[in-house]
Amino acid sequence: MELNLESFWLPFTPNKLFKTLPKAKIIDRADGMYYYTIHGDKILDAHGGLWCCNAGHNRKEIVEAIQQQASKLDFVPSYQMSHPGTFLLAEKLVSMLSNDLQYVFFTNSGSEAVETSLKIALAYWRLQGQKNKKIIIGRDRAFHGTGFGGMSVGNLTTTKQQFNNFLPEVLHLSHTHNLEKNSFSKGQPVHGIELADELLKFINVHGAENIAAVILEPISGTGGVLIPPVGYLEKIRKICTENDILLIFDEVITGFGRLGKPFAVNYFGVEPDMMCLAKGLTSGTVPMGATMINKNIYNSFMDLEGIELWHGYTYSGHPLACAAALATLDVYQKENLLNTDQELIRYWEEGLHSLKGEKHIIDIRNIGLLGAIELECKENNPVSRAIETFQKMFYKQNCYVRITGGNILTMSPPLIINKFEIDKIISSFRLVLKNID
Ligand SMILES: Cc1ncc(COP(=O)(O)O)c(C=O)c1O
C-alpha cells in the first residue's frame, strides 16, 4: 500500500523521524494479541495498544455490538435526553465497584475524565461554602492527560515544558520511585511509606481549609510504572479523610483488570472519593472515559435547582461508546479477565525478573500484568538506549513495547496473553539487549 505520510501530525511522535523510517509502523489490522502491518508483518502487542486493549484486539462480540448500535442509533446527545446505553452502563460500572462510588459522568477520554473530576472537586467545595479550598495536590512523574488541569496536576517534565499558564494553585508530592532502596521489587516495593507524610507538611504550610483534593494514579503508568510502596496509598487516604480533603484516583491505566483485580481500588483496598476511567473501559475500541463520583458529592449537587453541573461534552455517553463498553464488560466477565489467573501473573513476574543481569538493566518491576525494565542512561543521551531497544524490539523481534518516563521500557499486554507470548516478549528483550551499546 502506497501512503503519503506528510499531512498527518502524529501525537507524541518525532514526526520527521517517523516519516523517514524505512518501514513505518502502520497497522492495517489486528486480531487477539497481534497487530498486522501494511507490509504484512505480524507484531506481538505487548502494550495493549496504549495500555487499553485489555480484552485483546478485534473481539467479535465487541465489534458486533458496535456494528449493531451504529445501524440502530448513531448519535443522540445526553443533554436533557439520552439513550438506554448510558443508564445500563452507569448501572453496570457502579455494580462492579460496589462501594460509595455510585454515580458516573461520561467523557470521551482519560484527559476529560480527569478535568471532570477536578472541576467537580472545586465546585463541590464552593457548594459547601468553603470557597478557599482551591489547592489541588498531584505528584511528580504523574501523567493525568493533556488538558490544562491534567497537565497542571501531573508533573512529567516532557509533557509540560512546551507550555505555560497552568492551574495556579497546584502542589506536587514527591514520586515514590527509589532505585537505591527498591530496585528489582516484585509487586509493591517495601520502602517509602513515609513519603505520604509530605501531605501533612503541605497541610501544615497551606492549611487543610485551602486544599480541595489530592489526585493520584495509584500506579504511575506513563511515569514508568512506578508502584506505590506498601502502606503509602492507605496513609494518603487516612490523611485526606482526617483533613477533609477529597481523594481522586486516576485509574485510566490501572482500571479493568490491569493489576489482576477489577480496579486498583480492589487491589489496594483503598477507596477514593472520585475515580477516573478510560482506556480499558471499551478495550480501546471506541474512545470513552468516565468519572465515578461518590454518593456524598453527587447528593450535595442534587440540592441545587436546575442544571446541577455546568459541564459536559457533546459526545458524553455516545451510543457507540456505550455499546462498546457494555460488550467489553461482558467479555471481561465471561472470561473472568478482571481477576487474572494468579499463576499467569507469577509467570509474567518470573519471566520479567529472569532478565536481571542482562546488559544495562538497573531495575525490573511488575504488578498484575504491568511491567517495566529500566536501563542505565548513557551520559550524553538519557533515553537513547530505550529508543534503540524499542526500535529493535519492533523491527527485529516483531514485538511492540513502549518507552515511558525516561530510559524505561514498559509493557501492559492484553489480559488474554498466554505463557507462549510472555516467553516471546522475554526472549525478544534478551536478544535485543545483548546488542545495545
Ligand atoms: C493515568 C492517565 N490519565 C489520563 C490519561 C489521558 O487519557 P487520554 O489519552 O485518553 O486523554 C492517561 C493516558 O495515558 C493516563 O495514563
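Residues numbered from 1 in each chain as written. Predicted model: local features only at pLDDT ≥ 70, side-chain atom pairs only at ≥ 80, totals over all residues.

### Focus on the overall build of the protein
The following threshold applies: Secondary structure follows DSSP: runs of H or I at least 4 residues long count as helices, runs of E at least 2 residues long count as strands, and numbering of each begins at the N terminus. All radius of gyration figures rest on C-alpha atoms, and the globule criterion is 2.2 Å times the number of residues raised to 0.38. The exposure scheme places C-beta atoms from the backbone and then counts, for each residue, the other C-beta atoms within 10 Å of its own, assigning buried at 20 or more, exposed at 12 or fewer, and partly exposed in between.
Within the protein, the secondary structure is distributed over 16 helices and 15 strands. Over its C-alpha trace the protein gives a radius of gyration of 21 Å, about what one expects of a compact globule, namely 22 Å for 437 residues. Projecting the C-alpha coordinates of the protein onto the three principal axes gives extents of approximately 65 × 55 × 45 Å. Taken across its 437 residues, the protein has 48% of its residues classed as buried.

### Things to note about the domain arrangement of the protein
To keep things clear, this is the line we draw: Each domain span listed reflects an automatic or database assignment of domains. Contact between two residues is assigned when their C-beta atoms, built from the backbone, lie within 7 Å.
Each assigned domain of the protein is listed with its residue range as follows: domain 1 (15–58 + 337–434) and domain 2 (64–334). With 34 residues of domain 1 at the contact, the number on the domain 2 side is 30 residues. Every element with two or more residues in the side of domain 1 that touches domain 2 is listed here: helix 2 (48–51), helix 14 (342–353), strand 11 (361–367), strand 12 (370–375) and strand 15 (408–411). With six residues, the single largest contributor to the side of domain 1 that touches domain 2 is strand 11.

### Describing the sheet that holds strand 3 (residues 42–45)
Think of a sheet as strands paired side by side through backbone hydrogen bonds, with each pair either parallel or antiparallel. Applicable threshold: The pairing criterion is simple: DSSP has to find at least two bridges between the two strands.
Pairing within the open sheet is mixed, and its four strands lie in the order 1-2-3-13. Both edges of this open sheet fall to strand 1 (27–31) and strand 13 (399–400), since each of them pairs with a single strand only.

### Observations regarding the sheet that holds strand 12
Stated precisely, the cut-off is as follows: Note on method: axes are straight lines fitted to C-alpha atoms, helices fitted across the in-contact stretch only, with angles between N-to-C directions ranging 0 to 180 degrees.
Strand order in the open sheet made by the four strands is 11-12-15-14, with antiparallel pairing throughout. A single partner strand is all that each edge strand has here, and the edge strands are strand 11 and strand 14 (402–403). Pairing of strand 11 with strand 12, which is carried by six bridges, proceeds in the antiparallel orientation. Bridging from a neighbouring strand, Ile361 pairs with Leu375 of strand 12. Along the sheet, helix 14 contacts strand 11 and strand 12; its crossing angle with strand 11, the most-contacted strand, is approximately 180 degrees.

### Concerning the environment of Leu200
Topologically, Leu200 is positioned in helix 9 (residues 198–206). Put simply, Leu200 and Ile27 are 173 residues apart on the chain and 48 Å apart in space, counted from C-alpha to C-alpha.

### Some details on the nonpolar core
Cut-off, in case you're wondering: To form a nonpolar core, buried Ala, Val, Leu, Ile, Met, Phe, Trp, Tyr and Cys residues must be joined through C-beta atoms within 7 Å.
Residues Ala121, Val214 and Ile236 are the most contacted members of the largest nonpolar core, which totals 117 residues. Top contributing element to this core by residue count: helix 13 (residues 319–334), with ten residues. When we break this core down by domain, the ones giving at least three residues each are domain 1 (15–58 + 337–434) and domain 2 (64–334). When residues no more than four places from it in sequence are discounted, the contact partners of Ala121 are Ile136, Ala212, Ala213, Leu246 and Ile248.

### Focus on the site of the ligand
Condition: Being near a molecule or strand means, for a residue, that its backbone-placed C-beta atom lies within 6 Å of it. For this scheme, ten residues count as nonpolar: Ala, Val, Leu, Ile, Met, Phe, Trp, Tyr, Cys and Pro. Four count as charged, namely Asp, Glu, Lys and Arg, and the remainder, Gly too, count as polar.
In the vicinity of the ligand there are 14 residues, among which Ser109, Gly110, Ser111, Gly145 and Val252 approach most closely. Examining the composition of the shell around the ligand, we find that three residues originate from one element, helix 5 (residues 110–127), more than from any other. Grouping the constituent residues of the shell around the ligand by class yields five nonpolar, seven polar and two charged.

### Some words on the packing of helix 14 against helix 16 (residues 419–434)
Short version of the rule: Orientation categories follow fixed angle ranges, with anything under 35 degrees roughly parallel, anything over 145 roughly antiparallel, 65 to 115 roughly perpendicular, and all other angles oblique. The handedness criterion is simple: a crossing whose near helix is rotated anticlockwise from the far helix by less than a right angle is left-handed, and one whose near helix is rotated clockwise is right-handed.
Across the interface, helix 14 lies against helix 16 with an axial gap of 9 Å and an inter-helix angle of 15 degrees. Classified by the angle their axes make, helix 14 and helix 16 are roughly parallel. The element helix 14 and its partner helix 16 pack so that their crossing is right-handed. Facing helix 14, whose interface residues are Tyr347, Trp348, Gly351 and Leu352, helix 16 presents Lys419, Ile422, Asp423 and Ile426.

### Things to note about helix 4 (residues 84–97)
Selection criterion: Every helix has an expected span of 1.5 Å times one less than the residues it contains. Arc definition: it is the arc formed by the directions from the helix axis to the C-beta atoms.
Taking 1.5 Å per residue, 14 residues should reach 20 Å; helix 4 reaches 21 Å between its end C-alpha atoms and fits that length. Of the positions making up helix 4, those classed as buried are Gly85, Thr86, Leu89 and Leu93. Buried residues of helix 4, seen end-on, are gathered within an arc of 95 degrees and therefore sit on one face of the element. Exposed side of helix 4, more than 90 degrees from the buried face: Pro84, Glu91 and Ser95 are the residues found there. Taken from the residues just after helix 4, Ser98 is the one with a positive phi, measuring 35 degrees.

### Concerning the packing of helix 3 (residues 60–72) against helix 13
At a minimum axis separation of 8 Å, helix 3 and helix 13 run at an interaxial angle of 155 degrees. By the angle between their directions, the pair helix 3 and helix 13 is classed as roughly antiparallel. As helix 3 runs across helix 13, the sense of the crossing is right-handed. Only Pro319, Leu320, Ala323, Ala324, Leu326, Ala327, Thr328, Asp330 and Val331 of helix 13 make contact with helix 3, whose side of the interface consists of Glu61, Ile62, Ala65, Ile66, Gln69 and Ala70. Among the residues making up the contact of helix 3 with helix 13, the classes are represented as eleven nonpolar, two polar and two charged.

### Overview of unusual backbone geometry
A positive phi angle, near 65 degrees, is found at Phe256, a position not held by glycine. By the secondary structure assignment, Phe256 is in the loop between strand 8 (246–250) and helix 11 (264–268). Judged by the 28 C-beta atoms lying within 10 Å of it, Phe256 falls in the buried class. Phi is positive for Ser283, which is not a glycine, with a value near 55 degrees.

### A look at the pairing of strand 1
Within strand 1, only zero of the five residues are buried, which leaves it mostly out in the open. Across four bridges, strand 1 lies against strand 2 (residues 34–37) in antiparallel orientation. Within strand 2, the residue paired with Arg29 across the bridge is Tyr36. Between the end of strand 1 and the start of strand 2, which pair antiparallel, lie two residues, with Gly32 showing a positive phi angle near 60 degrees.

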